[in-house]
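Listed here are the chains, written in short residue letters.
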Amino acid sequence: MTNQTIPVTQPFLPELSEFVPYLEQIWDNRWLTNNGPFHQELEAKLAEYLGVEHVSLFNNATIALITALQAMRIHGEVITTPYSFVATTHSIMWNGLEPVFVDIDPTTFNIDPAKIEAAITPRTTAIMPVHCYSNPCDVEAIQKIADNYGLKVIYDAAHAFGVNYKGDSLLKWGDLSILSFHATKVFNTFEGGAVISPNAKTKQRIDCLKNFGIVDELTVTAPGINGKMSEINAAFGLVQLKHINIALRKRQVIDTQYRLSLADVKGITLYEQRDFSNSNYSYFPILVEDDYPLSRDDLYEKLKSNNILSRRYFYPLISNMPMYRCLPSAGIANLPQANALADKVICLPIYSDLTDEELSMIIQCISDVNLR
Ligand code: T4K
């Protein structure tokens, strides 16, 4: 098929010449990090683009998640989904808290609100759901439960850049939302992330914690961390932001083409975006069902032998990883939907520079099996 490897994703990179003047400015003013001018500008521009008020930039989403839990003074147990990238549960562990896994809804791939209440104990203080593949969680049901039981809700919104729900930013739901700007995300700053706060006071606490807990030269009020984004990363974010709408539109075209071409392939199930929301086309997961001629792993290998590097996000399931599988909530019987999904999923390549020819090759590779 092709000799060129097709990765699952590739960062969108503007022309290097567009970035150079920003570098020159950094060299000129010798301000490299610690809330510099590009950092401040990116926070303001992102707030405007995302339709939120309070953005705190971070060096990555994992540190942002860890800091968010600390900022909310979470203790005891945190209810979360096992169907995510490991960073979600790792951030809970880094705070010395106990993750409690709750199964997912097989249609949204997100934590199933109907199963949350049964997992609440006197030690539960927070819920950490994930908007998986940019599909919004059932934010209304989750908020109702949180209000009834006095729990905080911290959304891992690493996949949810630019997603709206019922006409407003999805990032406004919960007590805090955390974005990732990693190289593999739709909007990237090489490495990076952000916490979205609901008010200025919370943003102030987040900003203090990400800067070691420093208030001023003589005052340190909390055991904070170094979560700061550098000027280089922030400057790159400003350049990215100029192109983000075009990059998202290109992804949308690829998503549409996949859907048109794969809808009728027997044994392949496509994932549907929830009503009242927009996708950011960050991932294109397919489910390989029992009536597909190949197993999920055989299809993965077939794609690989054709130089198409799909990924099994999210397999293995976090709850089956060695450091988590002994938790009382990690048993397969407690998480049947998440386990089933992890065994079926493949994320196909999607990124703005994927060519029509490459897309056709991927589609053909998946569809051809039926012709044998
Ligand atoms: N919560 C959720 C729900 C997340 O998905 C993530 C991150 C986080 C929290 C934590 O966010 P950060 O702390 O990272 O900001 C990748 C990413 O490293 C990770 O950020 C992401 N989720 C996860 C879903 O995927 P890997 O181990 O699969 O990445 P890697 O290095 O295998 O890259 C995947 C493909 O991307 C490569 O085959 C080629 C391409 N690529 C990658 C990089 C790094 C490029 O073309 N250029 C690059 O620079 O984890």
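Residues numbered from 1 in each chain as written. Predicted model: local features only at pLDDT ≥ 70, side-chain atom pairs only at ≥ 80, totals over all residues. Heavy atoms only, no water.

Chemist: Sorry if this is basic, but what is going on with a nonpolar patch on the surface here?
Modeler: Together, Phe212, Ile214 and Val220 make up a nonpolar patch on the protein surface, roughly 260 Å² of accessible area in all. In this structure, Val220 sits in strand β11 (residues 219-220). (Patch = residues over 30% accessible without salt bridge, like charges linked within 9 Å, V, L, I, M, F, W, Y side chains within 5 Å. Areas by Shrake-Rupley, 256 points an atom, 1.4 Å probe, with all protein chains shown as cover. Salt bridge = Lys/Arg side-chain N within 4 Å of Asp/Glu carboxyl O. Helix = DSSP H or I, 4+ residues; strand = E, 2+ residues; numbered from the N terminus.)

Chemist: Just to check I follow, could you spell out the packing of aromatic side chains for this structure?
Modeler: The description of an aromatic ring pair rests on the distance of the ring centres and on the angle between the ring planes. Counted according to the given criterion, the structure contains 20 aromatic pairs. Relative to Phe187, the ring of Phe161 lies with its centre 4.8 Å away and its plane at 5 degrees, an arrangement referred to as stacked. Here Phe161 is found in the loop between β5 (152-156) and β6 (164-165), whereas its partner Phe187 is found in the loop between β8 (176-180) and β9 (193-197), with 26 residues between them in sequence. Here the two residues Phe161 and Phe187 agree in accessibility, since each one is buried. Relative to Phe314, the ring of Tyr313 has its centre 5.6 Å away and its plane inclined at 40 degrees; by these criteria the two rings are tilted. Across this residue pair, the class does not change: Tyr313 and Phe314 are buried. An aromatic cluster of three or more residues is present, and its members are Tyr83, Phe109, Tyr133, Tyr271, Tyr283, Tyr313 and Phe314. One cation-aromatic arrangement involves Lys210 over Phe58; the distance from NZ or CZ to the ring centre is 5.6 Å. (Phe/Tyr/Trp six-rings, centres within 6.5 Å; stacked < 30°, edge-to-face > 60°. Buried < 20%, exposed > 50% of the residue type's maximum accessible area, 1.4 Å probe, protein only. Lys NZ or Arg CZ within 6 Å of the ring centre and 35° of its normal.)

Chemist: Just checking my understanding: could you explain the sheet that holds strand β2 (residues 77-80) for this structure?
Modeler: Strands pair in a sheet through their backbones, by hydrogen bonds, and they do so in one of two ways: parallel or antiparallel. Read from one edge to the other, the open sheet built from seven strands follows the order β1-β9-β8-β5-β4-β2-β3, with strand pairing classed as mixed. Every interior strand has two partners, whereas the edge strands, β1 (54-58) and β3 (98-101), have only one. Geometrically, the sheet is characterised by an average inter-axis angle of 25 degrees between neighbouring strands, direction not taken into account. The pairing of strand β4 (residues 124-128) with β5 spans two bridges and is classified as parallel. In the strand pairing of β5, Ala126 is matched with Lys152. (Pairing = 2+ DSSP bridges. Axes fitted to C-alpha atoms, helices over the stretch in contact; angles between N-to-C directions.)

Chemist: Would you mind showing me how to read the site of the ligand here?
Modeler: If you check the shell around the ligand, you find 25 residues, and the closest are Thr62, Asp156, Ser180, Arg311 and Tyr313. Within the side chain of His182, a nitrogen or oxygen atom sits 3.3 Å from an oxygen atom of the ligand. Within the side chain of Arg311, one N or O atom sits 2.8 Å away from an oxygen atom of the ligand. Taking 920 Å² as the accessible area of the ligand by itself, protein coverage stands at 74%. Counting residues per element, the ones that place at least two in the shell around the ligand are α3 (61-71) and α4 (87-94). Looking at the shell around the ligand, you find at least three residues from each of domain 1 (16-239) and domain 2 (244-367). (Near = heavy atom within 4 Å. Polar contact = N/O pair within 3.5 Å; in protein donor to acceptor, adjacent residues only side chain to side chain. Domains from an automatic or database assignment.)

Chemist: Sorry if this is basic, but what is going on with the sheet that holds strand β14 (residues 345-348) here?
Modeler: The strand order across the open sheet formed by three strands is β12-β13-β14, and the pairing between neighbours is antiparallel. In this open sheet, the two strands that pair with only one neighbour each are β12 (268-270) and β14. Strand-to-strand, the axes of this sheet are offset by a mean angle of 35 degrees, without reference to chain direction. Where helix α8 (residues 296-305) meets the sheet, it contacts β12, β13 (284-288) and β14, and its direction lies at approximately 25 degrees from that of β14. Its contacts with the sheet put helix α9 (residues 336-344) on β13 and β14, and the angle it makes with β14 is roughly 50 degrees. (Contact = heavy atoms within 4.5 Å.)

Chemist: Whenever I open this one, the pairing of β3 confuses me. Can you help?
Modeler: Note on strand geometry: in a regular strand, side chains alternate between the two faces of the sheet. Bridging between β2 and β3 involves four bridges; their strand directions are parallel. Looking at β3, one finds that Glu77 is bridged to Glu98. Since β2 and β3 lie parallel, the crossover through α4 that links them has a hand, and here it is right-handed. (Right-handed = clockwise from strand over helix to strand, strands pointing away.)

Chemist: Explain helix α7 (residues 231-262) to me, please; I cannot follow it from the model alone.
Modeler: Residue His243 marks the point of greatest curvature in α7, where the axis turns by about 55 degrees. Regarding α7, its N-cap is Ser230, as a side-chain oxygen of that residue lies 3.3 Å from the backbone nitrogen of Ile232 further along. (Bend = angle between axes of the 7 residues up to and from the residue.)

Chemist: Looking at this structure, I do not really get the pattern of salt bridges. What am I missing?
Modeler: Should their charged atoms come close, side chains of opposite charge can pair. Applying the stated criterion across every chain yields a total of 16 salt bridges. Several salt bridges converge on common partners, so that one network encompasses Glu43, Lys203, Asp207 and Lys210.

Chemist: It is not clear to me how the nonpolar core should be interpreted in this structure. Could you clarify?
Modeler: Nonpolar side chains in soluble globular proteins generally cluster together in the buried interior. If you look at the biggest cluster of nonpolar residues, it comprises 49 residues, and the most contacted ones within it are Leu42, Leu46, Ile79, Ile116, Phe161, Leu179 and Phe181. Every element with two or more residues in this core is listed here: α1 (16-29), α2 (37-50), β1, α5 (139-149), β5, β9 and α7. Of all the elements, α7 adds the most residues to this core, at eight residues. If sequence neighbours within four positions are ignored, Leu46 has contacts with Gly51, Val55, Leu57, Phe161, Phe181, Phe187 and Leu241. Grouped together as the second largest cluster of nonpolar side chains are 28 residues, Ile268, Tyr300, Leu354 and Ile362 included. (Core = buried A, V, L, I, M, F, W, Y, C linked by side-chain atoms within 4.5 Å.)

Chemist: Before we go on, may I ask you to explain the packing of α7 against helix α10 (residues 356-367) in this structure?
Modeler: How two helices pack is summed up by the angle between their axes together with the distance between the axes. It is the contact of α7 with α10, at a shortest axis distance of 11 Å, that shows an interaxial angle of 25 degrees. With respect to each other, α7 and α10 are oriented roughly parallel. Relative to α10, the crossing made by α7 is right-handed. Where α7 abuts α10, its residues Ile254, Gln257, Tyr258, Ser261 and Leu262 lie against Leu359, Ile362, Ile363, Ile366 and Ser367. In terms of residue class, the contact of α7 with α10 is built from seven nonpolar, three polar and no charged. (Parallel < 35°, antiparallel > 145°, perpendicular 65-115°, else oblique. Left-handed = near helix turned anticlockwise from the far one by under 90°. Nonpolar A, V, L, I, M, F, W, Y, C, P; charged D, E, K, R; others polar.)

Chemist: I'm lost on the domain arrangement of the protein in this one. Help?
Modeler: How big an interface is tends to be reported as the loss of accessible area on association of its parts. The domains assigned to the protein are domain 1 (16-239) and domain 2 (244-367). Between the C-alpha centres of domain 1 and domain 2 the distance comes to 24 Å. Every contact between the two is made by 41 residues of domain 1 and, on the other side, 40 residues of domain 2. Buried area between domain 1 and domain 2, summed over both chains or domains, comes out near 3400 Å², and the portion from carbon and sulfur atoms is 63%. At the junction of domain 1 and domain 2, the tally comes to zero salt bridges. In this assembly, domain 1 and domain 2 are joined by 24 residue pairs in polar contact (both at pLDDT 80 or more). In terms of residues, the side of domain 1 that touches domain 2 owes the most to one element, β3, which gives four residues. (Buried area = accessible area lost by both parts, 1.4 Å probe.)

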